[in-house]
Amino acid sequence: MPSKKTDAPRTSEAAGTQTPDRANTNAKLQSLEDVRSDPTGQALRTNQGVRIADNQNTLKAGARGPSLLEDFIMREKITHFDHERIPERIVHARGTGAHGYFQSYGCHAELSKAGFLQDPEKITPVFVRFSTVQGPRGSGDTVRDVRGFAVKFYTDEGNFDLVGNNMPVFFIQDAIKFPDFVHAVKPEPHNEMPTGGSAHDTFWDFVSLVPESAHMVMWAMSDRAIPRSLRMMEGFGIHTFRLINAEGVANFVKFHWKPRQGVHSLLWDEAQKLAGKDTDFQRRDLWEAIETGDYPEWELGVQIVPEADEHKFDFDLLDPTKIIPEELVPVTPLGKMVLNRNPDNFFAETEQVAFCPGHIVPGIDFTNDPLLQGRLFSYTDTQISRLGGPNFHQIPINHPVAPNHNNQRDAMHQHVVHKGRASYEPNSIDGGWPKETPAGPQDGGFESYQERIDAHKIRERSESFADHFSQARLFFESMSETEQQHIVKAYSFELGKVEREHIRAREVNEILANIDLQLAAAVAANLGLPAPKAGTVKVKGSQLKQSPALSQMNHLGDVGIKGRKIAVLVADGVDGGSVDHWRKALEAHSARILVLGPTSAPVKTADGQMLAVDASMEGMPSVMFDGVVVPGGKKALDALAASGLAKHFLLEAYKHLKAIASAAEGKSLIDGLGLKMDKGLLAGDDQKAVDAFVKAVEGHRVWEREAAAEAIPA
Ligand code: HDD
């Protein structure tokens with residue numbers, strides 16, 4: 001049954017106006033929805049359809065006797081259970097998914113002939129899976145790690161998968177190094193530690209020996225690696241791709257996803273605490289946002305480089321460890337993606353979805369990026385062991401909405417009853433069907449871009465890939481001072497966990513010193529290593545001194561505090577009017593308000609009403625919120641001032657640079673905590689106080705408070 005929660009269903013354009021293939025799309029979409037099984041009103045049955053009378057007791061020889069092998073009901077149930085698990089993904093095992101749609105802003109025919117980019121009326125269904133890289137399926141959501149950002153577009157011309165990350169570069173330049181990199185970052189082989197993080201010897205051993213990783217490691221040590229929310233991350237296709245129009249004209253492009261929610265991060269202390277207080281913090285955040293109708297939205301854009309400009313940059317477009325700074329080539333918006341439906345079943349959808357960078361449609365093509373080329377092989381190969389054979393495309397979540405007739409047959413888990421008598425081509429028995437479609441401007445068969453190659457067969461890295469430090473330096477120099485400090489702390493923390501001193505020293509002297517000597521010196525000091533000398537590599541530097549687009553501080557988004565979580569702290573004696581006032585004022589901005597009490601029990605307001613609370617302050621600690629409000633009511637304020645739980649809540653929110661507003665009479669509570677008022681620590685109930693609070697939440701953190709917050713215990 002189709003879900004009721006969609007505002008834009010998995011539909012396509014009206015049938016009848018297009019080719020027969022396209023006219024079939026609606027019916028196909030419907031059949032994909034029909035696999036959703038609804039047990040309401042149904043009898044419990046075996047897999048063979050037999051009604052079950054007793055699901056509590058095994059068939060036995062007497063009430064106290066041995067179980068009988070004959071019990072086909074028990075055997076079927078246990079056998080199925082014994083095989084419920086499939087191998088988790090070798091990387092990106094921890095993930096969460098959502099359905100939604102893509103809509104083009106206009107017709108981009110000059111750029112690509114891909115159908116989903118032609119018509120602003122057209123709704124293309126998508127499924128997105130976000131993930132961490134290192135940790136297993138049950139690992140924490142908030143670890144320092146790259147986030148996967150994989151989007152499957154179910155277009156009328158076949159599935160297009162954009163399998164990217166929330167960082168625009170990668171650790172290595174050639175796919176043959178991927179197993180080495182993954183073995184190094186994964187938990188250590190002898191004791192399987194650490195879970196979910198890169199703060200260990202094998203990772204730093206590898207990256208300090210492989211300078212091409214320098215730029216990406218810089219991103220991984222930045223705040224980008226601890227996003228506040230999956231809704232608040234940029235996404236990148238990373239490799240340079242080609243878009244090709246109906247005339248066969250190709251442009252190089254880099255894909256970007258820009259979140260309307262802004263690009264925001266957790267603080268490291270928050271991220272670590274959340275890993276214990278709510279392992280599911282990010283999947284819960286996405287789930288709840290969608291359930292409450294606060295649908296996250298991204299803009300899909302491309303940086304476009306005409307073929308003629310391929311060699312105009314001081315880096316190679318084929319090198320996946322390089323960005324094209326947005327100041328050199330701005331991002332052209334193509335359309336928007338909205339996520340508006342949670343999966344009905346995690347396993348069937350999020351776990352079984354199979355992405356592959358090789359899933360492209362006419363109008364899109366690859367480049368010779370050697371990392372991309374290897375990926376084209378790896379993903380399909382991995383699904384064969386993960387999903388049990390080559391028919392994984394028949395699993396509903398992977399099934400294209402476009403028809404997919406061909407002569408491939410049989411294999412494990414074949415679900416299709418092929419009616420044709422001839423499973424080969426050419427044939428005369430089935431009238432020659434299914435037939436090839438000649439390549440063409442629209443609705444043609446896929447045709448690879450005819451790039452001219454004149455080369456020796458050789459195992460070699462192009463000299464144009466050799467500069468590993470210029471863009472790492474550009475990244476560091478483009479950060480705000482606060483962001484730079486966070487990077488210093490991240491390197492110091494991670495390397496501090498490395499047991500072997502020669503690895504720490506190599507990272508500082510041979511990598512960081514070549515990027516930025518001050519950065520290297522600060523990290524060395526924190527590790528107790530001798531001050532590093534200037535790096536030995538001659539770094540040519542970038543065309544730009546800075547790229548402001550790299551700093552998160554420049555990406556506040558355009559939805560204000562919509563979907564931000566605000567805690568309202570209450571106790572017996574709270575002023576109910578003050579609670580209502582703040583609730584109304586903040587809900588007018590579409591923030592999410594949660595009332596927290598000393599326990600989960602309702603509290604009694606000053607005028608004797610019972611006020612329900614959403615959770616206790618212990619159940620939902622401050623690390624789960626973006627801001628805190630303390631309403632008026634003397635008795636309640638006194639109770640909060642006497643409560644270690646409430647004081648900890650406020651001090652921790654203060655330490656994490658969050659906006660805190662108290663009613664005017666709550667000032668004494670703030671004073672009692674020894675906190676100084678600032679742009680985001682406010683007392684007052686009037687419109688001015690509300691506006692100041694909203695502005696502080698919008699700014700995400702009260703960065704000016706950072707020095708004062710240092711003194712607060714974690
Ligand atoms: Fe990969 C999964 C992203 C390089 C081999 N990768 C995977 C996923 C994402 C990425 C988001 C999870 C997809 C999902 O949610 O199911 N991978 C990237 C990016 C890369 C990259 C952005 C570089 C730019 N990957 C890469 C290389 C190889 C792989 C070079 C192998 C040569 N990746 C895989 C894989 C995975 C995978 C082993 C594991 C599970 C899967 O594919 O389906 O095949």
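For every chain, the first residue of the written sequence is number 1, and numbering continues from 1 along that sequence. It should be noted that, the model being predicted, local features are given only for residues of pLDDT at least 70 and side-chain atom pairs only at 80 or more, the latter also being counted only at that level, while totals for whole chains, interfaces and linings use all residues. The side-chain numbers reported here are obtained from all heavy atoms of the structure, hydrogens and water having been left aside.

A. Local environment of the sheet that holds strand E17 (residues 659-662). Within the open sheet, the 6 strands sit side by side as E15-E12-E11-E16-E17-E18. Their pairing is parallel. Every interior strand has two partners, whereas the edge strands, strand E15 (615-616) and strand E18 (681-683), have only one. Of the strand pairs in this sheet, strand E16 (residues 627-630) and E17 are connected by 4 bridges, and their pairing is parallel. Note that in E17 the partner of Val630 across the bridge is Ser662. Whether two residues touch is decided by their heavy atoms; if any such pair falls within 4.5 Å, the residues are in contact. For helices, the axis comes from a line fit to the C-alpha atoms of the stretch in contact; other axes are also lines fit to C-alpha atoms, and the angle between any two N-to-C directions lies between 0 and 180 degrees. Every helix listed is a DSSP run of H or I at least four residues long, and every strand listed is a run of E at least two residues long, numbered separately from the N terminus. On the sheet, helix H19 (residues 687-698) packs against strand E11 (565-569), E16, E17 and E18 and is oriented at approximately 165 degrees with respect to E17. Here a strand pair is declared whenever DSSP counts at least two bridges between the two strands.

B. The coordination of the iron atom of the ligand, seen in detail. Among all protein atoms, only Tyr379 (OH) binds the iron atom of the ligand, sitting 1.8 Å from it. Of note, Tyr379 is situated in helix H10 (residues 370-386). Note: metal donors comprise N, O and S atoms at 2.8 Å or less from the metal (3.2 Å for Na, K and Ca); water molecules are not included, so apparent gaps in a site are possible.

C. Representation of the packing of helix H4 (residues 178-185) against helix H5 (residues 201-209) within the structure. As a packed pair, H4 and H5 sit with axes 6 Å apart at the nearest point and diverge in direction by 145 degrees. Between H4 and H5, the residues in contact are Asp180, Phe181, Ala184 and Val185 and Thr202, Phe203 and Phe206, respectively. The residue inventory of the contact of H4 with H5, partitioned by class, reads 5 nonpolar, 1 polar and 1 charged. Asp, Glu, Lys and Arg are counted as charged, while Ala, Val, Leu, Ile, Met, Phe, Trp, Tyr, Cys and Pro are counted as nonpolar; the rest, among them Gly, fall into the polar class.

D. Fine view of the site of the ligand. Near the ligand lie 22 residues; those nearest to it are Arg89, Arg129, Arg375, Tyr379 and Gln383. Identification of polar contacts relies on pairs of N or O atoms within 3.5 Å, with a donor-acceptor requirement for protein atoms, meaning one able to donate a hydrogen and the other able to accept it, and with residues adjacent in sequence counted only if both atoms are side-chain atoms. A distance of 2.7 Å separates an oxygen atom of the ligand from a polar side-chain atom of Arg89. The contact in question runs from a nitrogen atom of the ligand to an N or O atom on the side chain of Tyr379, over 2.7 Å. Looking at the shell around the ligand, the element that brings in the most residues is H10, giving 6 residues. Looking at the shell around the ligand residue by residue, the class counts come to 11 nonpolar, 8 polar and 3 charged. By convention in this text, a residue qualifies as near a molecule or strand provided that one of its non-hydrogen atoms is within 4 Å of it.

E. Region of interest: a negative patch on the surface. Residues enter patches when they are more than 30% accessible in relative terms and free of salt bridges; like-charged ones are connected within 9 Å and nonpolar ones (Val, Leu, Ile, Met, Phe, Trp, Tyr) within 5 Å. Every accessible area reported is derived by Shrake-Rupley at a probe size of 1.4 Å, with residue values counting cover from the shown protein chains alone. The working definition used for a salt bridge is a side-chain nitrogen of Lys or Arg within 4 Å of a carboxyl oxygen of Asp or Glu. Residues scored as charged are limited to Lys and Arg (positive) and Asp and Glu (negative), so that His and the chain ends carry no count. Think of each charge as sitting on NZ of Lys, CZ of Arg, CG of Asp or CD of Glu. A surface patch of like charges, here negative, comprises Asp575, Asp580, Asp607 and Glu665. Along the chain, Asp575 falls in the loop between E11 and helix H15 (576-587).

F. Quick look at the environment of Leu111. Assignment of secondary structure puts Leu111 in the loop between strand E1 (95-104) and strand E2 (123-132). Residues contacting Leu111, with those up to four places away along its chain left out, are Leu243, Ile244, Asn245, Asn251, Val302, Ile304 and Leu334.

G. Layout of unusual backbone geometry. In this model, Glu425 is joined to Pro426 through a cis peptide bond whose omega is 5 degrees. With phi around 60 degrees, His92 is a residue other than glycine that occupies positive phi space. Along the chain, His92 falls in the loop between helix H3 (72-82) and E1.

H. Representation of the pairing of E16. Relative accessibility under 20% of the residue-type maximum defines a buried residue, over 50% an exposed one, and the middle range a partly exposed one, all with a 1.4 Å probe and only protein chains included. Both faces of E16 are covered, namely the face carrying Gly627 and Val629 and the face carrying Val628 and Val630. With 3 bridges joining them, E11 and E16 adopt parallel strand pairing. If you follow Val568 over to E16, its bridge partner there is Val629.

I. The nonpolar core, seen in detail. What is meant by a nonpolar core is a set of buried Ala, Val, Leu, Ile, Met, Phe, Trp, Tyr and Cys residues, joined one to another through side-chain atoms within 4.5 Å. Core analysis: the biggest nonpolar cluster contains 60 residues, and Leu569, Val570, Leu586, Leu596 and Phe693 have the highest contact counts within it. Non-local contacts of Phe693, meaning those with residues more than four positions away in its chain, are made with Ile566, Trp582, Leu586, Gly627, Val628, Val629, Ala659, Ile660, Ala661 and Leu682. Core analysis: the next-biggest nonpolar cluster, separate from the first, contains 53 residues, Val91, Val185, Trp204 and Leu550 among them.

J. Spotlight on the packing of aromatic side chains. Ring pairs are drawn from Phe, Tyr and Trp, using the six-membered ring of Trp, whenever the two centres fall within 6.5 Å, and their geometry is named by plane angle: stacked under 30 degrees, edge-to-face over 60, tilted for the rest. Taken as a whole and judged by the stated rule, the model has 26 aromatic pairs. Aromatic side chains Phe102 and Phe116 sit 5.7 Å apart centroid to centroid with 70 degrees between the ring planes, which places their arrangement in the edge-to-face category. Here the residue Phe102 occupies a position in strand E1, and Phe116 occupies one in the loop between E1 and E2, the gap between them amounting to 14 residues. Judged by centre distance (6.2 Å) and plane angle (90 degrees), the ring pair of Phe171 and Phe203 falls under edge-to-face. Of this pair, Phe171 sits in the loop between strand E4 (158-165) and H4 while Phe203 sits in helix H5, and the two are 32 residues apart along the sequence.

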